[in-house]
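What follows is the residue order along each chain.
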Number of protein chains: 2
Amino acid sequence: MKSKVKQRLNVDQRKQAMLMAARELFLAKGYAATNLDEVVAKSGGSLTTLYQIFGNKEGLWRELVLTYGTRVTAPLEDEHLSDGPPRTVLRDFAERLLTLQLNPDVAGGIRIIMAEGKQFPDLSRTIYAAGPMRGRRIVAQYLAREVEHGTLDIPDPALAAEMFCQMVEGDVLLWLACGIGPSWTQADIKRRLDLAVEMFLNTYERKAAV
Amino acid sequence: MKSKVKQRLNVDQRKQAMLMAARELFLAKGYAATNLDEVVAKSGGSLTTLYQIFGNKEGLWRELVLTYGTRVTAPLEDEHLSDGPPRTVLRDFAERLLTLQLNPDVAGGIRIIMAEGKQFPDLSRTIYAAGPMRGRRIVAQYLAREVEHGTLDIPDPALAAEMFCQMVEGDVLLWLACGIGPSWTQADIKRRLDLAVEMFLNTYERKAAV
DNA sequence: AATTTAATGTAATTTAACTTACAAATTGAA
DNA sequence: TTCAATTTGTAAGTTAAATTACATTAAATT
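Residues numbered from 1 in each chain as written. Chains lettered and ligands numbered in written order. Predicted model: local features only at pLDDT ≥ 70, side-chain atom pairs only at ≥ 80, totals over all residues. Heavy atoms only, no water.

Considering the overall build of chain A
The helix and strand inventory of chain A stands at 11 helices and zero strands. Ordered by position from N to C terminus, the α and β elements of chain A give α-α-α-α-α-α-α-α-α-α-α. Against the 2.2 N^0.38 benchmark of 17 Å for 210 residues, chain A shows a C-alpha radius of gyration of 21 Å, more extended than a compact globule. The C-alpha extent of chain A, read off along each of the three principal axes, is 75 × 35 × 30 Å. Residue burial in chain A is summarised as follows: out of 210 residues, 48% are buried. Within chain A, contacts between residues at least 6 apart in sequence are counted, and of these 71% link residues at least 24 apart. Working note: accessible area of chain A is about 10,500 Å², and carbon and sulfur atoms make up 53% of it. (Helix = DSSP H or I, 4+ residues; strand = E, 2+ residues; numbered from the N terminus. Rg over C-alpha atoms; globule rule 2.2 N^0.38 Å. Buried < 20%, exposed > 50% of the residue type's maximum accessible area, 1.4 Å probe, protein only. Contact = heavy atoms within 4.5 Å. Areas by Shrake-Rupley, 256 points an atom, 1.4 Å probe, with all protein chains shown as cover.)

Here it is as structure tokens:
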């Protein structure tokens, strides 16, 4: 039970509260099935204020998607790449990538954005570029650098990066999207990540001459 | 321009026509945005007949999903696996799998089913099992057989199968789901498939002793 | 303290689509 | 040819949710 001390908030605070409430509801029920009365009931404030801030339902949706959707991939960014040999770097990255995917909010978000893609195609493109594509590109750039340094031997770093990420992510997205939570133990995850790195390096690590 | 010779069809014929029309509309606009008047306008017949046959909108949706969704994976089935060494078999399978994914109707279908998963969770599970999961399982079983024959050396065939399928499919599903058609040439496809098989066998093919 | 400004609560309006009702038209059988 | 059954066309009923209107109340300013 929440204590219901009524507060009058200013626009900015109320806006944040509404975004938060909308996020939960959209994640739980999807775009069409969420109605604005519920949002207001959850966030506090009033329908009037909601319409003042966001214009309409679509406005609320767009603001929400762009706000949250572009923050998510922060842990994948370049500056978090560890130093060390490719095996270490890739293993670290893989762990961060899978952790991200396993977050139900992330997968749920991608799901809904995909779902509403027909209605808001520009949003799904933006999110795809900021999200899944971002990870691929970071890996590809890293691989390209390693190729220059002579550590790895990769004809097509972009393709290799995609393969690597796919192996790491597995069916997680599809699972969560279908409402099937993956029931993996830590050991399962470790095995998957190790295998992905292993398969990758088996092909691309520079071997001593045969 | 269609010639509009009005035809009175019996229930079965009309049902097929309605399923066909609904399929197109649902694929194009999603579940919520498709209205039944449009379906009838496209299929011919009448709303009355539609309700007699399917009960309501949900009934139409369920029938459609189950009818088409479970037919799709036919080309992946076991009996189409070629004979020959693993390299050949896997390459063939990979080609069929990717071809399937590249079919816009298939990807579009998965997209919508995912989209409506919150409303009809049983459907998305059924389709996941009949679709994506099916392919994984067929590969896993094949791999297990090869392990028994001593051709390959794979500790965890299920995991290996998933990795393989993921490499083959790549981001295609996500792309199409986000409305980004992949613009691959035949050469791109060939490169991807070859690489997937190569990476897989680099790890699992039984090597002559070092 | 009075006044202005901004946020709130509620209810009316509008819209859109699902669903149902019913009369007209067509087919098939007696 | 006539009659029964089935399909069709149209429109009315129902519901649900987005949007708007307006009076009320709390906060901020003078």
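Considering the domain arrangement of chain A
Residue and element names in this part refer to chain A. Domain boundaries in chain A define domain 1 (11-69) and domain 2 (74-204). Listed by partner, the interface residues are 12 residues for domain 1 and 12 residues for domain 2. Note on domain 1 versus domain 2: buried area summed over both sides is about 1,100 Å², and carbon and sulfur give 73% of it. Among the residues of domain 1 in contact with domain 2, Leu27, Trp61 and Arg62 are the three that bury the most area, contributing 46% of the side total. Where domain 1 touches domain 2, the interface holds two salt bridges. Residue Asp105 pairs with Arg23 through a salt bridge whose shortest N-O separation is 2.7 Å. Summed over the shared surface of domain 1 and domain 2, the result is two residue pairs in polar contact (both at pLDDT 80 or more). Breaking the side of domain 1 that touches domain 2 down by element, the ones donating at least two residues are helix H1 (11-29) and helix H4 (57-69). A total of six residues in the side of domain 1 that touches domain 2 trace back to one element, the largest contributor, which is H4. Residues of the side of domain 1 that touches domain 2, tallied by class, amount to seven nonpolar, two polar and three charged. (Domains from an automatic or database assignment. Buried area = accessible area lost by both parts, 1.4 Å probe. Salt bridge = Lys/Arg side-chain N within 4 Å of Asp/Glu carboxyl O. Polar contact = N/O pair within 3.5 Å; in protein donor to acceptor, adjacent residues only side chain to side chain. Nonpolar A, V, L, I, M, F, W, Y, C, P; charged D, E, K, R; others polar.)

Things to note about the interface of chain A and chain B
How big an interface is tends to be reported as the loss of accessible area on association of its parts. Between chain A and chain B, the contact holds 38 residues from the first and 38 residues from the second. Roughly 3,900 Å² is buried in total at the junction of chain A and chain B, and carbon and sulfur atoms are behind 62% of that figure. Among the residues chain A hides against chain B, the three largest losses belong to Met114(A), Tyr128(A) and Met163(A). Together they make up 17% of the total. Across the chain A-chain B interface, the total number found is six salt bridges.

Description of the protein's contact with DNA strand D
Of all residues adjacent to DNA strand D, which total 18 residues, the nearest are Tyr51(A), Arg8(B), Val11(B), Arg14(B) and Thr48(B). For DNA strand D, the backbone makes up 59% of the atoms found within 4 Å of the protein, where backbone means sugar plus phosphate. Contacts to DNA strand D include Thr48(A), whose side-chain N or O atom sits 3.2 Å from a base nitrogen. One of the backbone nitrogen or oxygen atoms of Val11(B) is found 3.3 Å away from a phosphate oxygen of DNA strand D. Of all elements in the fold, only helix H3 (47-54) of chain A together with helix H1 (11-29) and helix H3 (47-54) of chain B reach the threshold of two or more residues within the surface near DNA strand D. Among the elements that make up the surface near DNA strand D, the one with the highest residue count is H3(A) (three residues). Class assignment for the residues of the surface near DNA strand D results in five nonpolar, eight polar and five charged. (Near = heavy atom within 4 Å.)

Notes on the pattern of salt bridges
Taken as a whole and judged by the stated rule, the model has 32 salt bridges over all chains. With a closest N to O distance of 3.2 Å, Lys15(B) and Glu63(B) form a salt bridge. Placement of the pair is Lys15(B) in helix H1 and Glu63(B) in helix H4 (residues 57-69), with a sequence separation of 48 residues. A relative accessible area of 30% places Glu63(B) in the partly exposed class. Each of Arg91(A), Glu95(A), Lys190(A) and Asp194(A) takes part in salt bridges that share partners, so that together they form one network.

Considerations on the nonpolar core
Leu143(A), Phe164(A), Phe200(A), Leu143(B), Phe164(B) and Phe200(B) are the most contacted members of the largest nonpolar core, which totals 90 residues. Those residues in contact with Leu143(A) that lie beyond four places of it in its chain are Leu90(A), Leu152(A), Ile154(A), Pro157(A), Ala160(A), Ala161(A) and Phe200(A). (Core = buried A, V, L, I, M, F, W, Y, C linked by side-chain atoms within 4.5 Å.)

What about the packing of aromatic side chains?
Taken as a whole, this structure holds 16 aromatic pairs over all chains when the rule is applied. For the ring pair Phe26(A) and Tyr31(A), a centre distance of 5.7 Å and an interplane angle of 15° mean the geometry is stacked. Since its relative accessible area comes to 1%, Phe26(A) is described here as buried. Take Tyr31(A): its relative accessible area is 9%, and that puts it in the buried class. Ring geometry for Phe164(B) against Phe200(B): centres 5.3 Å apart, planes inclined by 65°, an arrangement best described as edge-to-face. Taken together, the positions of Phe164(B) in helix H9 (residues 157-169) and Phe200(B) in helix H11 (residues 186-204) put the pair 36 residues apart, joining distant regions of the chain. Across the pair, exposure class does not vary: Phe164(B) and Phe200(B) are buried alike. (Phe/Tyr/Trp six-rings, centres within 6.5 Å; stacked < 30°, edge-to-face > 60°.)

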